Amino acid sequence: MIDHEKVEQAVRLLLEGIGEDVNREGLIDTPDRIARMYEEIYGGMEEDAGVHLMKTFTVESSEMVIEKDITFYSTCEHHLLPFYGKAHIAYIPDGKVVGLSKLARTVEVFARRLQLQEQLTGQIADALMEYMQPKGALVMVEAEHMCMTMRGIKKPGSQTVTLARRGVFETDPTLEERFFRMLGR
Ligand code: ZN
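Residues numbered from 1 in each chain as written. Predicted model: local features only at pLDDT ≥ 70, side-chain atom pairs only at ≥ 80, totals over all residues. Heavy atoms only, no water.

- Labelled according to an unreviewed UniProt entry, the protein appears under the name GTP cyclohydrolase 1, originating from Mediterraneibacter faecis.
- Quoted verbatim from the Sequence similarities (unreviewed entry) field of UniProt, the annotation for the protein is "Belongs to the GTP cyclohydrolase I family."
- What UniProt states about the protein under its Subunit (unreviewed entry) heading is, verbatim, "Homopolymer." (UniProt positions renumbered as here; feature names shortened; annotations may be inferred.)

Structural data, given as structure tokens:
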């Protein structure tokens, strides 16, 4: 749960810390605004991906399923700045599939908390394996990190790419090749 009072106090301190006047008109409501915004952008902390991934349908096919270009927004836990981009998910069903919107919802659950991109990628793959028990899963995340583009090395547009392989994707490289072909890479 977000502790509004604590967040508001902290934001006031932060504003004072950078030399701002917390009582000026433009800032007076900022602590409250940020506390309410955190409900949303860190709302994933209280959610469980299983809620979405356990609603499965039975299928005969074990053909690869790909959901690509899932837009997400997350927050870097080192700088509390946004990182955002696209997630691409593939899995090989073992008798069970989920509705495609559930994959996007799963990305949201893990994106809406303080994160590292590598960890986000792995958590999505692990949730698929745990709740759907597919033969394998592959998750690829491409993102731009504000902590790299608005400060520090300042390389606008540079993308960080992370990959997590589970199950048959770890042992059969042809599956990964097919994933990249279907992604158009
Ligand atoms: Zn960062």
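Concerning the sheet that holds strand β2 (residues 65-76)
Part 1 of the reasoning: One open sheet holds the 5 strands; their spatial order is β5-β2-β3-β6-β7, and the pairing between them is mixed. Whereas interior strands pair on both sides, the edge strands pair on one side only; in this sheet they are β5 (114-115) and β7 (160-167).
Part 2 of the reasoning: Here β2 pairs with β5 via 2 bridges, running parallel. When the sheet's bridge partners are listed, cysteine 76 is paired in β5 with glutamine 115. (Pairing = 2+ DSSP bridges. Helix = DSSP H or I, 4+ residues; strand = E, 2+ residues; numbered from the N terminus.)

Considerations on the domain arrangement of the protein
Part 1 of the reasoning: Domain annotation of the protein identifies domain 1 (4-41) and domain 2 (50-183).
Part 2 of the reasoning: Measuring from the centre of the C-alpha atoms in domain 1 to the corresponding centre in domain 2 gives 33 Å. (Domains from an automatic or database assignment.)

A closer look at the nonpolar core
Part 1 of the reasoning: Of all hydrophobic cores here, the largest spans 30 residues; its most connected members are Leu53, Phe72, Ile89, Tyr91 and Leu128.
Part 2 of the reasoning: Elements represented by at least two residues in this core include exactly β2, β3 (82-92), β4 (96-98), α4 (100-111), α5 (117-132) and β6 (136-145).
Part 3 of the reasoning: With 7 residues, the single largest contributor to this core is α5.
Part 4 of the reasoning: For leucine 53, the contacting residues outside a window of four places in its chain are Val98, Lys102, Leu103, Thr106, Ala127, Leu128, Tyr131 and Met132. (Core = buried A, V, L, I, M, F, W, Y, C linked by side-chain atoms within 4.5 Å. Buried < 20%, exposed > 50% of the residue type's maximum accessible area, 1.4 Å probe, protein only. Contact = heavy atoms within 4.5 Å.)

Digging into the pattern of salt bridges
Part 1 of the reasoning: Scanning the model with the defined rule gives 7 salt bridges in all.
Part 2 of the reasoning: A salt bridge links arginine 24 to glutamate 20; the nearest nitrogen and oxygen atoms lie 2.9 Å apart.
Part 3 of the reasoning: Classification of arginine 24 as partly exposed rests on a relative accessible area of 37%.
Part 4 of the reasoning: Taking relative accessible area as the criterion, glutamate 20 reaches 29% and is therefore assigned partly exposed.
Part 5 of the reasoning: Among the salt bridges present, the one from arginine 36 reaches aspartate 32, with a minimum N-O distance of 2.8 Å. (Salt bridge = Lys/Arg side-chain N within 4 Å of Asp/Glu carboxyl O.)

Some remarks on the UniProt feature "domain: GTP cyclohydrolase I" (unreviewed entry) in the protein
Part 1 of the reasoning: Using the residue numbers shown here, the UniProt feature "domain: GTP cyclohydrolase I" (unreviewed entry) corresponds to residues 8-182.
Part 2 of the reasoning: A distance of 47 Å separates the end C-alpha atoms of residues 8-182, which is 41% helix and 28% strand.

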